[in-house]
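# Examination of the molecular architecture
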Amino acid sequence: DLGIKDDDFIIIIQGSGLNKDRGIEEAILAISYCTDCVLLLVGDGDIIPTAKNIVETKKLTSKVKFISRRPYLALMRITRLADLGLLLDKNTNLNHELALPNKLFDYIHAATPILSSRLKEISEVIKKYDIGIFIDDIEPEIISEAIMEYKDNRALLNKHRANCQKASEIENWQVEKEKLIHSIVN
């Protein structure tokens, strides 16, 4: 339905907060350097009007697709289609530095490897389970290089996908619920 070719490398940024300082503008510009790649922006937020303007201006409508907010199960069906999930939040405040966004766990549960900025809490989870790679600067050229390296390294991509599946068995509400009950009882 989105005009994505079967052999396109699908990259996703999803969530209800597609907002400023999340690396969305840079990801859009990065996709112009990537071959056979499509970026899905799934959700809503304050950056969407600007993002749509960049896509139109840079003539990237065939490489960037906008999908409005979806119910959780529909969102996860789309996320599972992606080859790579982006978490490019900028370290502009303590909230970003210490955040554990829902999309991190959505990517894990969809077995979607992650390309991320180096924020403290997010980095700890990605490193703990070996489910993604990092970039140090949120710049279009750096993002595109990392995407293409990932795209060309199927062994690493498959390893991270398998590690996401293992991590999803640990990072879930059922496990956390038992920890909470145990802490209350003791």
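Scope of this entry: the structure provided in the associated data block. (Residues numbered from 1 in each chain as written. Predicted model: local features only at pLDDT ≥ 70, side-chain atom pairs only at ≥ 80, totals over all residues. Heavy atoms only, no water.)

## Some points on the overall build of the protein chain
Counting its secondary structure elements, the protein chain contains nine helices and six strands. Relative to the 2.2 N^0.38 estimate, which gives 16 Å for 186 residues, the radius of gyration of the protein chain is 16 Å and therefore close to what a compact globule would have. Dimensions of the protein chain, computed from C-alpha atoms along their principal axes, come out at roughly 60 × 35 × 35 Å. Evaluated residue by residue, the protein chain yields a buried proportion of 51% over its 186 residues. Within the protein chain, residue pairs in contact and separated by at least 24 positions form 72% of the contacts whose partners lie at least 6 positions apart. A total of about 9,600 Å² of accessible surface is found on the protein chain, and carbon and sulfur atoms cover 51% of it. Averaging the locations of the 25 positively and 29 negatively charged side chains of the protein chain gives two centres separated by 3 Å. (Helix = DSSP H or I, 4+ residues; strand = E, 2+ residues; numbered from the N terminus. Rg over C-alpha atoms; globule rule 2.2 N^0.38 Å. Buried < 20%, exposed > 50% of the residue type's maximum accessible area, 1.4 Å probe, protein only. Contact = heavy atoms within 4.5 Å. Areas by Shrake-Rupley, 256 points an atom, 1.4 Å probe, with all protein chains shown as cover. Lys, Arg positive; Asp, Glu negative; His and termini not counted. Charge placed at Lys NZ, Arg CZ, Asp CG, Glu CD.)

## Points about helix 2 (residues 48-57)
An α-helical segment advances 3.6 residues per turn. Residues three or four places apart therefore align on the same side. Within helix 2, the full set of buried residues consists of Ile48, Ala51, Ile54 and Val55. For helix 2, the buried positions fall inside an angular range of 120° around the axis, keeping them on one side. What points out from helix 2, more than 90 degrees from its buried face, is the exposed set Pro49, Asn53, Glu56 and Thr57. Looking at the packing, one finds that the buried side of helix 2 touches helix 1 (24-31), strand 2 (37-43) and strand 3 (64-67). (Arc of directions from axis to C-beta.)

## Re the side chain of lysine 65
Inspection of the secondary structure assignment puts lysine 65 in strand 3. Buried and without a salt bridge, lysine 65 has aspartate 8 as its closest oppositely charged side chain, separated by 7.8 Å. A polar atom in the side chain of lysine 65 sits 3.2 Å from the backbone oxygen of threonine 61. In contact with lysine 65, other than residues within four places in its own chain, are Leu2, Val38, Leu39, Leu40 and Leu41. (Salt bridge = Lys/Arg side-chain N within 4 Å of Asp/Glu carboxyl O. Polar contact = N/O pair within 3.5 Å; in protein donor to acceptor, adjacent residues only side chain to side chain.)

## Some thoughts on unusual backbone geometry
Generally, phi is negative for residues other than glycine and the peptide bonds are trans, each holding for most cases. The residue aspartate 21 is not glycine, and still its phi comes out positive at about 70°. Even without being glycine, alanine 111 reaches a positive phi, approximately 60°. Inspection of the secondary structure assignment puts alanine 111 in the loop between helix 5 (102-109) and strand 5 (114-117).

## A short note on the nonpolar core
Nonpolar side chains tend to gather and get buried jointly when the protein is soluble and globular. The biggest cluster of nonpolar side chains holds 32 residues, and the ones touching the most others in it are Ile11, Ile28, Leu39, Leu41, Leu86 and Ile147. Listed in part, the 24 residues of the second largest apolar core include Leu75, Leu87, Ile108 and Ile131. (Core = buried A, V, L, I, M, F, W, Y, C linked by side-chain atoms within 4.5 Å.)

## Focus: the sheet that holds strand 4 (residues 84-87)
Taking strand neighbours across the sheet as the criterion, the six strands line up as 3-2-1-4-5-6 in an open arrangement whose pairing is parallel. Because the sheet does not close on itself, it has two edges, and the strands there are strand 3 and strand 6 (132-135). When the angles between neighbouring strand axes are averaged without regard to direction, this sheet yields 25°. Where strand 4 lies against strand 5, three bridges are found, and the strand directions are parallel. In the strand pairing of strand 5, leucine 87 is matched with serine 116. Of the strands in this sheet, strand 1 (9-15), strand 2, strand 4, strand 5 and strand 6 touch helix 7 (residues 140-152), which is tilted by about 155° from strand 6. (Pairing = 2+ DSSP bridges. Axes fitted to C-alpha atoms, helices over the stretch in contact; angles between N-to-C directions.)

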